[in-house]
Amino acid sequence: MTGKDLTIKEQYPLGGLTTFGIGGPARYFAVVTSEEEAREALAFARHKGIETFVLGGGSNILISDQGFPGLVILNGIKGFTSRPAAGEDDEVLVTAGAGEDWDGFTRRCIESNLQGIECLSGVPGTVGAAPVQNIGAYGQSADSVVEQVRALEVAAGRAVIFTNQECSFGYRKSLFNSIAAGRYLIVEATFKLKQNGAPSVTYHDLKAALSGLPDPTLQQVREAVLKIREGKGLLALDGYERFKSAGSFFKNPVVSAEHFTGVEEAVRKAGGCANWSWPQRSGEVKVSAACLIQSAGFVRGFRKGNVGISPRHTLAVINYGDATAGEVAAFARQVQEAVLRQFGVVLKPEVQFVGFTPDLL
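Within every chain, residues take consecutive numbers counted from 1 along the sequence as written. Reporting in this predicted model follows two pLDDT cut-offs: at least 70 for local features of residues, and 80 or more for side-chain atom pairs to be given and counted; totals over whole chains, interfaces and linings ignore these cut-offs and use all residues. Side-chain numbers here rest on the full set of heavy atoms in the structure, without hydrogens or water.

1. What to know about unusual backbone geometry
Inclusion rule: Runs of E in the DSSP output that reach at least two residues are strands. Runs of H or I that reach at least four are helices, and both are numbered from the N terminus. Only protein chains enter the calculation, and the probe is 1.4 Å; a residue is then buried if its accessible area is under 20% of its type maximum, exposed if over 50%, and partly exposed in between.
With phi around 50°, arginine 172 is a residue other than glycine that occupies positive phi space. Among the secondary structure elements, arginine 172 is positioned in the loop between strand S12 (159–163) and strand S13 (184–195). According to the relative accessible area criterion, arginine 172 is buried, its value standing at 18%. Although it is not a glycine, asparagine 196 sits at a positive phi angle of roughly 60°. With respect to the helices and strands, the residue asparagine 196 is situated in the loop between S13 and helix H4 (204–209).

2. Examining the environment of phenylalanine 250
Along the chain, phenylalanine 250 turns up in the loop between strand S14 (245–248) and strand S15 (254–255). Relative accessible area serves as the criterion here: at 1%, phenylalanine 250 is assigned to the buried category. Between the C-alpha atoms of phenylalanine 250 and alanine 316, which are 66 residues apart in sequence, the distance is 8.3 Å.

3. Considering the side chain of glutamate 153
Where we set the bar: Throughout, a contact is declared for two residues whenever any of their heavy atoms are within 4.5 Å.
Along the polypeptide, glutamate 153 turns up in strand S11 (residues 146–153). Residue glutamate 153 is classed as buried on the basis of its relative accessible area of 17%. Not counting residues up to four positions away in its chain, the partners in contact with glutamate 153 are Leu42, Arg46, Arg158, Val160, Arg183 and Tyr184.

4. Re the sheet that holds strand S1 (residues 9–13)
To be explicit about the condition: At least two DSSP bridges between two strands are required for those strands to pair. Convention adopted: a line fitted to C-alpha atoms gives each axis, helices being fitted over their contacting stretch, and angles between N-to-C directions are expressed from 0 to 180 degrees.
Judged by pairing direction, the sheet is mixed, and its 4 strands sit side by side in the order S1-S2-S5-S3 without closing on themselves. Every other strand in the sheet has two partners, leaving S1 and strand S3 (52–55) as the edge strands with one partner each. Looking at each pair of strands side by side, their axes are set apart by 45° on average, direction ignored. As paired strands, S1 and strand S2 (residues 25–32) are joined by 4 bridges and run antiparallel to one another. Directly across from tyrosine 12, in S2, lies its bridge partner alanine 26. Running at roughly 155° to S2, helix H1 (residues 35–48) makes contact with S2, S3 and strand S5 (68–75) of the sheet.

5. Describing the state of the cysteines
Which entries qualify depends on this criterion: In this description, a disulfide is simply a cysteine sulfur pair whose atoms lie within 2.5 Å.
All chains considered together, the criterion is met by 1 disulfide. For cysteine 273, the disulfide goes to cysteine 291, at an S-S distance of 2.2 Å. Measuring the twist about the S-S bond at about 90°, one finds the cysteine 273-cysteine 291 disulfide to be right-handed. In this pair, cysteine 273 is assigned in the loop between helix H6 (257–269) and strand S16 (277–279) and cysteine 291 in helix H7 (residues 289–295), connecting sequence segments 18 residues apart. Here cysteine 291 falls in the buried class, since its relative accessible area comes to 4%. Cysteine 109 carries a free sulfur, and the closest cysteine sulfur to it, the one in cysteine 119, is 14 Å from it. For cysteine 109, a relative accessible area of 0% gives the class buried. Among the cysteines around cysteine 167, which has no disulfide bond, cysteine 109 carries the closest sulfur, lying 18 Å off. Assessed through its relative accessible area of 0%, cysteine 167 is described here as buried.

Dropping the structure here:
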């Protein structure tokens, strides 16, 4: 099935497009490489009266065994431009197509000595997913550098530009995955980075890795981050050992200071964890989901059938064989229930569930 410039495929298998390696077929499927093709794909979905789902690197999703009943659009829009920020001698605005590989984008920026995303090296996915998920790692997050986002309205195909403030960023959250989820297809994103800026080294593990370098370069920070991520089995790059996972499955929860007192005692009784809590300006405390999962009995390498915990990092749920989406969802529910029972904390998935509504807390 073809349109003016677009090919629409039917019953297209999605599992091979995700890092989990799981997923049934899309009723309709299209790859878009330009804003014009994206408009055409959205117009096709409107004509058919079906839902759309925009797929990037497939790294933060679990697709149901039944697949997706509407149109899946694989965003392959590329492009990279940069220009000086108006009135800012040392700041540069870098714009990239939503389909650009995120790690490739970070590498290119670092090679140009642009600071601001070096700690986000190795994060799987695409540039378009960065503002959607408000990706973050090792002390940096997308919301600190996103200048604006250009997107198409799914319902009308009209182009809309969002400023940083209009993206409504929060912890692993934005307008695009919360109150406006499914309403926009991101075309490109613009980031404000600092030319020749000093790298950010605030995270404990990163500080330790760079302890012998008093003034590390951006490239050295990138290499240290990649090594840390490799040690946790969280790299989906060529040349590194890969696991079939969606990365961090759960978000780090934030609890009240009062609640944390009880959680802290329960963690201590379970054997304790190192560097597992971080006080927030609000007075609340962010706690390590990995620590809670481990303390609830789901240690590294724990396995139940085809699904289990990564041997490298407690926060990654792994497809060890030919796991189904249903098996992954059931295992995640088991983890949630154990953590809630032992610590009174609800773990919220960071992974997006596509094509079904899982029975998760």
